[in-house]
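An overview of the molecular structure
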Amino acid sequence: MDLPLVSFCMTSYNQREYALMALEAAFRQDYPNMEIIVSDGASTDGSAEALIEFSKKNVQWKDRVKILTSDHNIGCTANYEKLFSAARGELVISADGDDISEPNRVSRIVEEWLKSGKKASVIFSDGWKIDGAGNVIGRIGRRSVWCPLGACMAFSPRVVLDFPAVTYPSGYQDYIFARRGILIGSVLQLEDHLIRYRVGCGVSSVLLNRRMPELRSAKG
């Protein structure tokens, strides 16, 4: 059976070493029909340059990986909208630059998505929490559209393409996309641990500790 094209879409913002590990995990996916798109939100630590150089070294991914850059920090949600708009796949795997996807993440998600008849527009998985050094410190637990976590989710591209652009800077894309998914399809939950979610030192953790609403849009 011909396998559908899947877009592995990853954001990056001032997390150079973590982002390189996240991209390496994308290269290690065991799913054969996949493109990788990374969008860097104008990092100032050389993340974009490092990602471009690293992608060039993985010649087996030639013509299947794109590194998108910006001249200013457009914010997390706009960054994901940019990724979804560039994606050619029937399904988008969401990934953050400070997390690690297990090698079978894409293949397991596609397997269950195909069983649903491609009707699922939002797909959640379980996962592990890791610290800055990559040590497992707990599990994420099962999520829902009412308490989503973008790092462990996959979507139909329609959650972006069928809706107007998000204009409020404090909106978080996982909440927005998950609820849109309910409107256009069904929700699928997997118990597999398919992601290693970095806590305590990643961009998301920094934002959650900030109290001023205007600073919540700084995530790139």
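Let me sum up the structure you'll find in this document. (Residues numbered from 1 in each chain as written. Predicted model: local features only at pLDDT ≥ 70, side-chain atom pairs only at ≥ 80, totals over all residues. Heavy atoms only, no water.)

1. What about the pattern of salt bridges?
Inclusion rule: A side-chain nitrogen of Lys or Arg and a carboxyl oxygen of Asp or Glu constitute a salt bridge if their distance falls within 4 Å. Think of it this way: any DSSP run of H or I at least four residues long counts as a helix, any run of E at least two long counts as a strand, and we number them from the N terminus. Each residue is placed in one exposure class: buried if its accessible area under a 1.4 Å probe, protein chains only, is under 20% of its type's maximum, exposed if it is over 50%, and partly exposed if it falls in between.
Counted under the stated rule, the structure contains twelve salt bridges. Note that E35 and R88 form a salt bridge whose closest N and O atoms lie 3.1 Å from each other. Taken together, the positions of E35 in strand β2 (residues 34-40) and R88 in the loop between α3 (76-86) and β4 (91-95) put the pair 53 residues apart, joining distant regions of the chain. Residue classification places R88 among the exposed positions, given a relative accessible area of 55%.

2. Section: the packing of aromatic side chains
Applied cut-off: Think of it this way: a Phe, Tyr or Trp ring, Trp meaning its six-membered ring, pairs with another when their centres are within 6.5 Å, and the plane angle makes it stacked under 30 degrees, edge-to-face over 60, tilted otherwise. Only when the NZ atom of a Lys or the CZ atom of an Arg is both within 6 Å of the ring centre and within 35 degrees of the ring normal do we say a charge sits over the ring.
Following the criterion strictly, the structure yields five aromatic pairs and no others. Between the aromatic rings of F27 and F54, the centroid separation amounts to 5.6 Å while the plane-to-plane angle is 45°, which identifies the pairing as tilted. With F27 in helix α1 (residues 16-27) and F54 in helix α2 (residues 47-57), this pair connects stretches of sequence that are 27 residues apart. With relative accessibility at 9%, the residue F27 sits in the buried group. For the pair F84 and F155, a centre-to-centre distance of 6.1 Å together with 55° between the ring planes defines the contact as tilted. In this pair, F84 sits in helix α3 while F155 sits in strand β8 (residues 153-155), placing the two residues 71 residues apart along the sequence. Among the aromatic residues, those joined into a ring-pair cluster are F27, F54 and W61. Taking the ring centre of Y18 as reference, the NZ or CZ of R198 above it sits at 3.9 Å.

3. Points about a nonpolar patch on the surface
Convention followed: Residues enter a patch when their relative accessible area is above 30% and they make no salt bridge; the linking distance is 9 Å between like charges and 5 Å between nonpolar side chains (Val, Leu, Ile, Met, Phe, Trp, Tyr). Note that accessible areas follow from Shrake-Rupley with a 1.4 Å probe, and for residues the cover is restricted to the protein chains shown.
A cluster of nonpolar side chains, W146, I182 and V187, forms an exposed patch at the surface whose accessible area comes to about 300 Å². Its place among the elements puts W146 in the loop between β7 (136-139) and β8.

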